[in-house]
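An overview of the molecular structure
Here's the letter readout for the chains.
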Amino acid sequence: MALALQTFSTVKDANAALKSAGTRYLGGGTLVLRAANEGDVSVSSLIRATEPSLSAITVSGSDVRIGASVTMAAIARHPDLAPLAHAARAVGGPAIRNMATVGGNLFAPAPYGDFTVALLALDATVSIDGGEMPIETFLAERESNHAIVTAVGFTLQVDGGFRFLKVSRVKPKGVSVLSIAAMLEQAPDGTVSSARIGLGCMADRPMRAKAAEKALLGRKLTSSGIAPALAAAGDGSAPITDPIASAWYRNEVLPVHLGRLLLA
Ligand SMILES: Cc1cc2nc3c(=O)[nH]c(=O)nc-3n(C[C@H](O)[C@H](O)[C@H](O)COP(=O)(O)OP(=O)(O)OC[C@H]3O[C@@H](n4cnc5c(N)ncnc54)[C@H](O)[C@@H]3O)c2cc1C
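Throughout what follows, the structure given in this document is the object of discussion. (Residues numbered from 1 in each chain as written. Predicted model: local features only at pLDDT ≥ 70, side-chain atom pairs only at ≥ 80, totals over all residues. Heavy atoms only, no water.)

1. Focus on the sheet that holds strand S11 (residues 192–200)
Read from one edge to the other, the open sheet built from four strands follows the order S9-S10-S11-S12, with strand pairing classed as antiparallel. If you trace the sheet from one side to the other, it starts and ends with strand S9 (162–168) and strand S12 (207–208), each paired once. Seen against the sheet, helix H11 (residues 247–263) touches S9, strand S10 (176–186) and S11 and runs at an angle of roughly 35° to S10. (Pairing = 2+ DSSP bridges. Helix = DSSP H or I, 4+ residues; strand = E, 2+ residues; numbered from the N terminus. Contact = heavy atoms within 4.5 Å. Axes fitted to C-alpha atoms, helices over the stretch in contact; angles between N-to-C directions.)

Below you can see the structure in the form of structure tokens.
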């Protein structure tokens, strides 16, 4: 079946066109076009918007705003986003990263969504239709979203606190067994004063490890200090089973890899 592609110069006009049945927004197309090529007939028309703000990266002090059409390759090479380069490079191989957008990654089902795991740990906000919402709210409701995501925003400290790890069987560009991102703050005595941990593949979409976050508070990042957090790492999760790994395996290895990330 032929696919129609409509291009609009503003998000407003593109959003209006998205209201028609059978239309879908086109980011980099790595998922939506693959699905069409594989026979998904639910989409008959693709919409794109070329408003410049969608492709802009703005860094003002520690405040970062990334337009939804920004690619993983652009993030990986941006000098002010160095702490995030590892997470951006975790998405596919070079050809995929040249097309894969931040906006599309927010909608990618597990085992994909590696960059979104990082955004979850960073407590990002997602901008849609002139408004803004916490990324957790967005992820919980993303199937009912029919408007264009325009940007994500978050605070990024240059001098650390953010950590990311992707575990895959095929190096360097295999699909995730799991991905983990953590944003940690430590008091002068080395104890953890604030923790946000994002997990990928431990549910159908990125989720927070809230029990582990809580168990880290007031603890030092030593083997004994993080032990309660590792014991609670999988609480509330429902890992996926796919050809890469079973849910059981993902549960088993999560504490091992979380431990490596926290002790790194
Ligand atoms: C070979 C291969 C390897 C991959 N490896 C990885 C990997 O290692 N890690 C990983 O995380 N992902 C991976 N992916 C999945 C995918 O490439 C990425 O998740 C990518 O970020 C999706 O973005 P996209 O712009 O290509 O999305 P698209 O395919 O353009 O869109 C995906 C969905 O999101 C919607 N959408 C896109 N942008 C917006 C927006 N701004 N507003 C509203 N809706 C929007 C689309 O309508 C569609 O429903 C891989 C894909 C392939 C084909």
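2. Focus: the site of the ligand
Taken together, 29 residues surround the ligand, and among them Tyr25, Gly28, Thr30, Thr101 and Asp114 come closest. At 2.7 Å from an oxygen atom of the ligand is found a main-chain nitrogen or oxygen belonging to Val32. Contact distances for the ligand include 2.8 Å between a nitrogen atom and a backbone N or O atom of Val149. In isolation the ligand offers 970 Å² of accessible surface; the protein chains occlude 90% of this area. Put simply, the ligand lies in the largest pocket. For the shell around the ligand, the secondary structure elements donating two or more residues are strand S2 (23–25), helix H2 (32–37) and helix H6 (102–107). Here the shell around the ligand gets four residues from one element, more than from any other, and that element is H6. Here the shell around the ligand is built from residues that sort into 15 nonpolar, ten polar and four charged. (Near = heavy atom within 4 Å. Polar contact = N/O pair within 3.5 Å; in protein donor to acceptor, adjacent residues only side chain to side chain. Areas by Shrake-Rupley, 256 points an atom, 1.4 Å probe, with all protein chains shown as cover. 1 Å grid on protein atoms, 1.4 Å probe; cavity = no way out; pocket = protein on both sides within 12 Å on 5 of 7 lines; lining within 4 Å. Sits in = over half its atoms within 2 Å of the grid points. Nonpolar A, V, L, I, M, F, W, Y, C, P; charged D, E, K, R; others polar.)

3. Describing the sheet that holds S2
Judged by pairing direction, the sheet is parallel, and its three strands sit side by side in the order S1-S3-S2 without closing on themselves. Looking at strand neighbours, the two that pair on one side only are strand S1 (4–8) and S2, the edges of this open sheet. Between one strand axis and the next, the sheet turns by 25° as a mean value, whatever way the strands run. Judged from the three bridges that link them, S2 and strand S3 (residues 45–49) form a sheet pairing that is parallel. What sits directly across from Thr23, in S3, is Ser45.

4. Quick word on the pattern of salt bridges
Opposite charge on two side chains permits pairing when their charged atoms draw close. In this structure the tally under the stated criterion is ten salt bridges. Salt-bridge contacts for Asp204 lead to Arg205; the nearest nitrogen and oxygen are separated by 3.0 Å. Overall, the relative accessible area of 15% leaves Arg205 in the buried class. Between Glu213 and Arg208 there is a salt bridge, and its shortest N-O distance comes to 2.7 Å. Each member of the salt-bridge network shares a partner with another, and the members are Asp123, Glu136, Arg196, Arg208, Lys210 and Glu213. (Salt bridge = Lys/Arg side-chain N within 4 Å of Asp/Glu carboxyl O. Buried < 20%, exposed > 50% of the residue type's maximum accessible area, 1.4 Å probe, protein only.)

5. Quick word on the pairing of S3
Of all the five residues making up S3, four are buried; the element is thus mostly covered by neighbouring parts of the structure. The sheet contact formed by S1 and S3 spans five bridges and is parallel. The partner of Thr7 across the bridge, within S3, is Arg48. This β-α-β element, S2 to H2 to S3, shows right-handed connectivity. (Right-handed = clockwise from strand over helix to strand, strands pointing away.)

6. Some thoughts on helix H7 (residues 114–121)
Among the eight residues of H7, eight are classified as buried, and the element is accordingly described as predominantly covered. Residue Asp123 follows H7 closely and has a positive phi angle near 60°.

7. Quick look at the side chain of Thr116
Residue position: Thr116 is located in helix H7. Judged by its relative accessible area of 1%, Thr116 is buried. In this structure the side chain of Thr116 is engaged in a polar contact, spanning 3.4 Å, whose partner is the backbone nitrogen of Leu106. Sequence-distant contacts of Thr116, defined by excluding residues within four places in its chain, comprise Asn105, Leu106, Ile135, Leu139 and Pro206.

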